[in-house]
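# Topology and contacts: notes
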Amino acid sequence: PTYGGEIHKIKKLEIDGNPDKFLAYSTFKKVIGLIKLPLDGNPTKTMGLIAHPDDIADMCVTTDGKFLFTCGGSDLCVNMWSID
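Before going into details, it helps to say that this report is about the structure given with it. No experiment lies behind these values; they were computed from the predicted model shown. (Residues numbered from 1 in each chain as written. Predicted model: local features only at pLDDT ≥ 70, side-chain atom pairs only at ≥ 80, totals over all residues. Heavy atoms only, no water.)

## Here we look at the overall build of the protein chain
Within the protein chain, the regular secondary structure consists of zero helices and six strands. Listing the helices and strands of the protein chain from first to last along the sequence gives β-β-β-β-β-β. With respect to the three principal axes, the spread of C-alpha positions in the protein chain is 35 × 25 × 15 Å. Among the 84 residues that make up the protein chain, the fraction classed as buried is 29%. Partitioning the intrachain contacts of the protein chain with sequence separation of at least 6 by distance along the chain shows that 32% fall at a separation of at least 24. Surface exposure of the protein chain reaches about 5000 Å², of which carbon and sulfur atoms provide 59%. (Helix = DSSP H or I, 4+ residues; strand = E, 2+ residues; numbered from the N terminus. Buried < 20%, exposed > 50% of the residue type's maximum accessible area, 1.4 Å probe, protein only. Contact = heavy atoms within 4.5 Å. Areas by Shrake-Rupley, 256 points an atom, 1.4 Å probe, with all protein chains shown as cover.)

This is the structure in structure tokens:
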């Protein structure tokens, strides 16, 4: 379910007020995504998008699960992604 290579980092995501559970992930190159739990192989429960033009150095999720932050490597950019 990773659109852009193998998973580099993964975080459990619990969104306040939402009973569903998710995993947020990043690959080494460009892509971040969400996977709805439980992991059952259903391709409609996952999505990925291009977050940076090259490497993703790190990612973190706010404690309320509403925002995901990504740090680019060579682009020296920090992106804030709203999760709803």
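Picking up where we left off.
## Notes on the environment of I15
Along the polypeptide, I15 turns up in the loop between β1 (7-14) and β2 (21-27). Residue classification places I15 among the buried positions, given a relative accessible area of 12%. Setting aside chain neighbours within four positions, we find I15 in contact with F22, D64, G65 and I83.

## Topic: the pairing of strand β6 (residues 78-82)
Bridge count between strand β5 (residues 67-72) and β6: five bridges; the pairing is antiparallel. Among the inter-strand pairings, L68 is bridged to a residue of β6, identified as W81. Where β5 folds back on β6, the antiparallel hairpin that results is connected by five residues, among which L76 adopts a positive phi of roughly 50°. (Pairing = 2+ DSSP bridges.)

## Here we look at the sheet that holds β2
Taken together, six strands build an open sheet; the order of strands is β1-β2-β3-β4-β5-β6 and the sheet is antiparallel. The open sheet terminates on both sides in strands that have one partner only, identified here as β1 and β6. The mean angle between the axes of side-by-side strands here comes to 30°, regardless of whether they run parallel or antiparallel. Bridge analysis of strand β3 (residues 29-36) against strand β4 (residues 46-61) gives six bridges, and the strand direction is antiparallel. The partner of I32 across the bridge, within β4, is L49. (Axes fitted to C-alpha atoms, helices over the stretch in contact; angles between N-to-C directions.)

## Things to note about the nonpolar core
In this structure, L13, I15, F22, A24, I32, L34, A51, I56, M59, L68 and I83 together form the largest nonpolar core, which totals 11 residues. Broken down by secondary-structure element, the contributors of at least two residues to this core are β2, β3 and β4. Here this core takes three residues from β4, the largest share from any one element. Sequence-distant contacts of I83, that is, excluding residues within four places in its chain, are made with L13, I15, L34, G65, K66, F67 and L68. (Core = buried A, V, L, I, M, F, W, Y, C linked by side-chain atoms within 4.5 Å.)

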